[in-house]
Amino acid sequence: MAAAVRAAGCLPALRGAPAGRLWSRKLYLNTCPAASTLALKTVLSNGTRDNRHFSSLSHVLQTHCWISSPSNSVCQQYRPYSFFTKLTADELWKGALAETGAGARKGRGKRTKKKKRKDLNRGQVIGEGHSGFLWPGLNVPLMRDGAVQTIAQRSKEEQEKVKADMIQQREEWDRRRKMKVKRERGWSGSTWGGVSLGPPDPGPNGETYEDFDTRILEVRNVFNMTAKEGRKRSVRVLVAVGNGRGAAGFAIGKATERMDAFRKAKNRAVHYLHYIERYEGHTIFHDISLTFKRTHLKMKKQPRGYGLRCHRAIITICRLIGIRDMYAKVSGSLNMLNLTRGLFHGLARQETHQQLADKKSLHVVEFRDECGPLPIVAASPRGGLRKDPEPEDDVPDVKLDWEEVKAAQGMKRSVWSGLKRAAT
């Protein structure tokens, strides 16, 4: 109605204005058509005194005005905000993925398939459409040759080429998404044990660990019962790192997601390194027998070319250290953490030949099969030699394994050797 009143107020000015000025003024009275028609009728009824002015006014209305017919219009209230514009994208995704709420806090729906957040803007370019318009600053550069570009439109051939490239790119994404990545095989086909994780991440000061390798020893699902959230599940990972030249270490990483636990464990293990002494770079210096909690370890020095004949976890750790020939036997508890800790405890505390020679003030000799009865001097004391013989009290009381003694003397027989079989 306000538009109609403004139009009616302009009619006397139109009636008395010259023809040159009327040509540049156009009335658009289609905002509210019924009210516009009513206002025009009122003004025309009051102006019957001067027919000359009405003839010119009718000519102006016919040539410069458009009066629409009355129609029924529906007005709808518009608000500049909505539920989706008030919340951020992170808050909307939390509601879609059910990351928060009473059910998540109490541990509900643990066995349902977990939803993942998607990048809805992937493959989309702001400004691209079916018509192929080029909008400066959106899908084309804003400046070109020092001047601001104007809005343009691609040709039909160029638009078809852009659509074909986009379809090909999306098909490539679908193919990569459906393609299964074949990971490196570990100890067996269905477990994470023995799988390589690569070198640890670079440090904060730029140090890199490209010569190190990380191997998984154990992956376990652990649970913690809380009063508010109930049974909380997390993943505990035990890994070992080493460079193959004597430096090795191990650590535990725990996180809700498996990949986060892998990353934490391998980056933490590089900060707890041990340097393991090796005899001639391929084996240990002497036999080691130890007990760590309920795990019993017995390691034996072996000649070159013997290989690693021991537990699969010990084989993995020895390769990371650089030990290539050793025999080891594990008895008692096979807990992976105790086994790893006991192995590093024994290897880090082995006594080298030089340390033994300095301790005893005697020559350390070694007998080998290829040399017969002739000894080989492995190390000599840095100080003076002891002139008097070694006291009896310093000789260690070694506890021998009767099974090993029988095997060394050829007395060990098969348990099936004395079995009486029935006549067939």
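For the structure, see preceding data.
Residues numbered from 1 in each chain as written. Predicted model: local features only at pLDDT ≥ 70, side-chain atom pairs only at ≥ 80, totals over all residues. Heavy atoms only, no water.

Peer 1: Before we move on, can you summarise the overall build of the protein chain with the specific residues and values?
Peer 2: For the protein chain, the helix and strand inventory stands at 13 helices and 16 strands. A total of 424 residues make up the protein chain; the buried ones form 28% of that total. Intrachain contacts of the protein chain at a sequence separation of at least 6 include 51% that bridge at least 24 residues. When the accessible surface of the protein chain is totalled, it reaches about 30800 Å², and 53% of it is carbon and sulfur. (Helix = DSSP H or I, 4+ residues; strand = E, 2+ residues; numbered from the N terminus. Buried < 20%, exposed > 50% of the residue type's maximum accessible area, 1.4 Å probe, protein only. Contact = heavy atoms within 4.5 Å. Areas by Shrake-Rupley, 256 points an atom, 1.4 Å probe, with all protein chains shown as cover.)

Peer 1: Quick rundown of the pairing of strand S7 (residues 213-226)? Include the residues and the values.
Peer 2: In this sheet, strand S8 (residues 230-242) lies alongside S7 in antiparallel orientation, the contact comprising 13 bridges. By the bridge assignment, Asn-224 is partnered in S8 with Lys-232. Counting the residues between successive antiparallel strands, the hairpin from S7 to S8 contains three residues. (Pairing = 2+ DSSP bridges.)

Peer 1: Please give an account of the pattern of salt bridges that cites residues and values.
Peer 2: Oppositely charged side chains can form a pair if their charged atoms are brought close together. A complete count under the given rule lists 18 salt bridges for this structure. Between Arg-368 and Glu-280 there is a salt bridge whose closest N-O contact spans 3.1 Å. Of this pair, Arg-368 sits in the loop between strand S15 (364-366) and strand S16 (376-379) while Glu-280 sits in the loop between strand S10 (273-275) and strand S11 (288-292), placing them 88 residues apart in sequence. Judged by its relative accessible area of 45%, Glu-280 falls in the partly exposed class. Among the salt bridges present, the one from Glu-370 reaches Arg-368, with a minimum N-O distance of 4.0 Å. For Glu-370, a relative accessible area of 62% gives the class exposed. For Arg-368, a relative accessible area of 24% puts it in the partly exposed group. Bridged by salt links that share partners, the residues Glu-280, Lys-301, Arg-304, Glu-366, Arg-368 and Glu-370 form one connected network. (Salt bridge = Lys/Arg side-chain N within 4 Å of Asp/Glu carboxyl O.)

Peer 1: I'd like a rundown of helix H12 (residues 353-360), residues and numbers included.
Peer 2: His-353, Ala-357 and Lys-360 are the residues of H12 that are buried. Across the axial projection of H12, the buried residues extend over an arc of 80°, all falling on one side. Buried residues along H12 sit in contact with strand S12 (295-301), S15 and S16. At the C-terminal side of H12, Ser-361 shows a positive phi close to 60°. (Arc of directions from axis to C-beta.)

Peer 1: Which residues make up the nonpolar core, and what values do they have?
Peer 2: Membership of the largest hydrophobic core comes to 31 residues, with the highest contact counts inside it found for Met-299, Ile-314, Ile-323, Met-326 and Leu-347. Mapped onto this core, the elements with two or more residues apiece are S8, strand S9 (247-255), S11, S12, helix H10 (312-321), strand S14 (326-332) and helix H11 (336-348). Setting aside chain neighbours within four positions, we find Ile-323 in contact with Arg-278, His-282, Thr-283, Ile-284, Leu-308, Cys-318 and Leu-347. Ranked by size, the runner-up nonpolar core spans twelve residues in total, among them Ile-216, Ala-251, Ala-255 and Ala-261. (Core = buried A, V, L, I, M, F, W, Y, C linked by side-chain atoms within 4.5 Å.)

Peer 1: Residues and numbers for the sheet that holds S12, please.
Peer 2: The mixed open sheet is built from four strands, whose spatial order is S11-S12-S14-S13. The strands lining the two open edges of the sheet, one partner per strand, are S11 and strand S13 (308-309). Relative to S12, S11 runs antiparallel, the two sharing five bridges. Across the sheet, the residue bridging to Ile-288 is Met-299, located in S12. Across the sheet, H10 is in contact with S12, S13 and S14; its angle to S14 comes to roughly 140°. (Axes fitted to C-alpha atoms, helices over the stretch in contact; angles between N-to-C directions.)

Peer 1: How would you explain the sheet that holds S10 if you had to name every residue and give the values?
Peer 2: The four strands are arranged S7-S8-S9-S10 in an open sheet whose pairing can be described as antiparallel. Edge positions in the sheet fall to S7 and S10, since each of these pairs with one other strand and no more. Direction aside, neighbouring strands of the sheet carry axes that sit 15° apart on average. Bridging between S8 and S9 involves eight bridges; their strand directions are antiparallel.

Peer 1: Just give me the short version of the packing of H10 against H11, but keep the residues and values in it.
Peer 2: Put simply, H10 and H11 touch, their axes get as near as 11 Å, and they point 40° apart. Our classification of the angle between H10 and H11 gives oblique. When you trace H10 past H11, the crossing you get is right-handed. Where H10 approaches H11, its residues Ala-313, Ile-314, Ile-317 and Ile-321 are matched on the opposing element by Met-336, Leu-339, Thr-340, Leu-343, Phe-344 and Leu-347. (Parallel < 35°, antiparallel > 145°, perpendicular 65-115°, else oblique. Left-handed = near helix turned anticlockwise from the far one by under 90°.)

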